[in-house]
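The residues making up each chain are set out below.
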Amino acid sequence: MLRDAIGRDWQCGTTQVDFNLPERFGAFYIDADGSKEGPGDGASRDLRLDRALYIGILIEHYAGNFPLWLAPIQAVVTTITSEGDEYAKVVAAAARRAGLRVDIDLRNEKINYKVREHSLKKIPALLVVGKKEAETHSVSIRRLGSERQQVMPTDEAIAALVEEATPPDVKRAREVA
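Below is a short write-up of the structure. These figures come from a predicted structure and were not determined experimentally. (Residues numbered from 1 in each chain as written. Predicted model: local features only at pLDDT ≥ 70, side-chain atom pairs only at ≥ 80, totals over all residues. Heavy atoms only, no water.)

Turning our attention to the overall build of the protein. Helix and strand content of the protein: 7 helices and 11 strands. As displayed, the protein offers around 11600 Å² of accessible surface, 53% of which is attributable to carbon and sulfur atoms. (Helix = DSSP H or I, 4+ residues; strand = E, 2+ residues; numbered from the N terminus. Areas by Shrake-Rupley, 256 points an atom, 1.4 Å probe, with all protein chains shown as cover.)

Next comes the structure, spelled out in structure tokens:
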């Protein structure tokens, strides 16, 4: 049994047989002879096996607001104006080389719109690049849920994000070694 952030208990070690949902979902499978078998085809009764997945529990526990190490997209590099586009590509490439899961947003939209959109997607970090950041080889980091921004040299910002993106078990293993 696992308990999530709002006190619900989840049983995770089970598998259940579902006789109903294959028909409702229109589920099918390809038989050994290559024919399509599924609900209502006159074949033997189709079954579906369900199991509780830890990822579902994690989504519930964090309400989708994952820590950086767990987030599917850890950061988005975005621009204030098109003057920062080329440097934003450099920043995104460097972040990817460092092992971060990064997207890039070069759309011609207002920065407040981009911040809101990526916040709704619960992206943990935005690396904002404008003309000034491109000239000084820096980024402005904006964290999910914070109104503040921190301007840092790009290499320092990426190093800090890489450290934060390291899973806890890997950090513990490093400390022991």
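In terms of nonpolar packing, the biggest core is built from 21 residues, with V77, V91, L100, V102, L127, V129 and V139 touching the most fellow members. Looking at which element gives the most residues to this core, the answer is helix α3 (residues 85-97), with 5 residues. Once residues lying within four places of it in the same chain are set aside, the contact partners of V102 are A75, V77, A92, A95 and R96. Core analysis: the second largest hydrophobic core is formed by 5 residues, V76, V115, I123 and V128 among them. (Core = buried A, V, L, I, M, F, W, Y, C linked by side-chain atoms within 4.5 Å. Buried < 20%, exposed > 50% of the residue type's maximum accessible area, 1.4 Å probe, protein only. Contact = heavy atoms within 4.5 Å.)

Turning our attention to the environment of A165. Inspection of the secondary structure assignment puts A165 in helix α6 (residues 154-165). In sequence terms A165 and R101 are 64 residues apart; their C-alpha atoms lie 9.4 Å from each other. Ignoring sequence-local partners within four residues, the contact set of A165 consists of L68, W69, Q74 and L100.

This next bit is on the pattern of salt bridges. A side chain of one charge can pair with a side chain of the opposite charge if their charged atoms are brought near each other. One pass over the structure, following the stated rule, counts 6 salt bridges. Taking the shortest distance from any N to any O, the salt bridge between R107 and D105 comes out at 2.8 Å. Its salt-bridge partner being E117, residue R107 comes within 2.3 Å of it at the nearest N-O pair. One end of the pair, R107, is in the loop between β8 (102-105) and α4 (111-120); the other, E117, is in helix α4, with 10 residues separating them in the sequence. Each of D105, R107 and E117 takes part in one network of salt bridges that share partners. (Salt bridge = Lys/Arg side-chain N within 4 Å of Asp/Glu carboxyl O.)

Right, let's get into α3. The end-to-end C-alpha distance of α3, which contains 13 residues, comes to 18 Å, matching closely the 18 Å that a straight helix rising 1.5 Å per residue would cover. Within the span of α3, buried status applies to D85, Y87, A88, V91, A92 and A95. When α3 is viewed along its axis, its buried side chains cluster within an angular range of 155 degrees and face the same direction. Residues of α3 that are exposed and point over 90 degrees away from its buried face: E86 and R97. For α3, the secondary structure elements touched by its buried residues are β7 (75-79), β8, β9 (125-129), α5 (131-136), β10 (138-143) and α6. At the C-terminal side of α3, G99 shows a positive phi close to 100 degrees. (Expected span 1.5 Å × (residues − 1). Arc of directions from axis to C-beta.)

Bringing unusual backbone geometry into the picture now. Backbone geometry at A63 places phi at a positive 55 degrees, although glycine is not the residue there. Take A63: it is sitting in the loop between α2 (54-62) and β7. Unusually for a residue other than glycine, K122 sits at a positive phi of about 60 degrees. Mapped onto the elements of the fold, K122 is located in the loop between α4 and β9.

Turning our eyes to something else, we now look at the pairing of β8. As judged from the 4 bridges shared by β7 and β8, these two strands associate in the parallel manner. In the strand pairing of β8, A75 is matched with V102. For the handedness criterion, the β-α-β arrangement of β7, α3 and β8 is classed as right-handed. (Pairing = 2+ DSSP bridges. Right-handed = clockwise from strand over helix to strand, strands pointing away.)

So, about the sheet that holds strand β11 (residues 149-153). For sheets, the rule is that strands pair by backbone hydrogen bonds, running either parallel or antiparallel. The 5 strands are arranged β8-β7-β9-β10-β11 in an open sheet whose pairing can be described as mixed. Among the strands making up the open sheet, the edge pair consists of β8 and β11. Ignoring which end each strand starts from, the neighbouring axes of this sheet average 25 degrees apart. With 5 bridges connecting them, β10 and β11 associate as antiparallel partners. The residue of β11 that forms the bridge with S138 is P153. Against the sheet, α3 contacts β7, β8, β9 and β10, and its axis sits at roughly 175 degrees relative to β8. Along the sheet, α6 contacts β9, β10 and β11; its crossing angle with β11, the most-contacted strand, is approximately 110 degrees. (Axes fitted to C-alpha atoms, helices over the stretch in contact; angles between N-to-C directions.)

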